[in-house]
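Residue-level structure breakdown
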Amino acid sequence: MIHIKDILSLELRELEDALTALGEKKFRALQVFEWLHKKRVTSFDEMTNISSVLRDKLGSEFFIGRLKPVRQLCSLVDPTKKFLFELSDGNHIETVLMSYEHGYSLCVSTQVGCKMGCRFCASTIAGFKRSLEPSEILLQLYEAERISGEKVSSIVLMGIGEPLDNFDNVIKFLRILSDCNGTNMSLRHVSLSTCGLVERIYDLAKLDFGLTLSISLHAVTDKKRSELMPVNKKYGIDRLMTACRDYFAQTGRRISFEYALIDGENDTLEDAKGLAGLVSGMPAHVNIIPVNKIKEREFTSNRRSAHRFCEMLKGLGVNATVRRTLGSDIDAACGQLRREYEI
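Bear in mind the structure is a predicted one, so any value in this text is a computation, not a measurement.

**With respect to the environment of Glu150**
Residue placement: Glu150 occurs in the loop between helix H4 (134–148) and strand S9 (152–157). Residue contacts for Glu150: discarding those within four places in its chain leaves Tyr104 and Glu145.

Following this line, the structure appears as structure tokens:
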């Protein structure tokens, strides 16, 4: 049985190897790559500057993946759009298109579900199914731009899943995304959010991609963080913060710390002082996020308490802001639409 390969998941060098193995000239790979990632064709028959023989050969060896849009929510309070996509195996992922002054940003998923078990996160409640292929991450961009008619200028890997738990596929996605022969997006316009898989932070630092690393911190003591985020039992705060400092030393890129504020859990002056101590001496930015309300948890917060906590941090010399709330009327936080659709 012939194994049909996912052509959208191939980097240009891999496509060159694949086509030369089929007896084709190396330059044909560049033509095919541009059709896929610049013109974004959905069938090999659309590749009009290559022979019908090669198109037939491509069709027998490869497939061009697609995502099926099954639901779209459009906010009435801002331009935010939330997409629910169906994968070829029937699983579902979410993607969120957001409008900022600098342009459109897309929040993409990297897994179907999540293993990390953070107590305040909807993505983990529905359970982990599998990691996404590079093409399935990339296609969220292609489909969102096609449906919306808007050009995306930045990407955040902050949707369903833990990006560093799908390390190899995420790295391939980033390389394809930034290839000058395709979408050609600078990785300085990409932000990757992680709950703190320390070994993978070091692996990412070695690649020196220039992207922004965002650390989901959410607590300042090991006891509290382990209660909220089970990953902390393996990678304690001291070990995580050492990795962050080493990441900055190697890449020169400022780190962003995400802090989901939860009433009565992590919102006191003592918490603010602890957070200020953790980031002291590090070029860092703290993003305060009022926790998203989900049915299965009692956690609550609001923008007033978030701004109060932010002012505490500023008074302690910390560079901090409250994240702008987008798509509040469509539950734009990741995981909720998928869970409700699949129930």
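**Topic: the pattern of salt bridges**
Following the criterion strictly, the structure yields 18 salt bridges and no others. Close ionic contact of Glu227 with Lys224 constitutes a salt bridge, the shortest N to O distance being 3.3 Å. In this pair, Glu227 and Lys224 are both assigned in helix H7 (residues 222–228), 3 residues apart and thus about one turn of the helix distant. We classify Lys224 as partly exposed; its relative accessible area is 22%. Put simply, Lys223, Lys224, Glu227 and Glu265 are held in one network by salt bridges that share partners.

**Digging into the nonpolar core**
Nonpolar side chains in soluble globular proteins tend to end up buried together. In terms of nonpolar packing, the biggest core is built from 100 residues, with Ile7, Leu58, Ile155, Leu174, Phe257 and Ile288 touching the most fellow members. A per-element tally of this core places helix H5 (residues 167–178) first, with 7 residues. For Leu174, the residues in contact, after removing those within four places along its chain, are Leu157, Leu187, Val190, Phe209 and Leu211.

**Considerations on the pairing of strand S4 (residues 81–86)**
Of the strand pairs in this sheet, strand S3 (residues 68–74) and S4 are connected by 6 bridges, and their pairing is antiparallel. Looking across to S4, one finds that Gln72 is bridged to Phe83. Hairpin connection between S4 and strand S5 (residues 92–100): a loop of 5 residues separates the two successive antiparallel strands, and Gly90 in this loop has a positive phi of roughly 90°.

How each quantity is defined
Residues numbered from 1 in each chain as written. Predicted model: local features only at pLDDT ≥ 70, side-chain atom pairs only at ≥ 80, totals over all residues. Heavy atoms only, no water. Helix = DSSP H or I, 4+ residues; strand = E, 2+ residues; numbered from the N terminus. Contact = heavy atoms within 4.5 Å. Salt bridge = Lys/Arg side-chain N within 4 Å of Asp/Glu carboxyl O. Buried < 20%, exposed > 50% of the residue type's maximum accessible area, 1.4 Å probe, protein only. Core = buried A, V, L, I, M, F, W, Y, C linked by side-chain atoms within 4.5 Å. Pairing = 2+ DSSP bridges.

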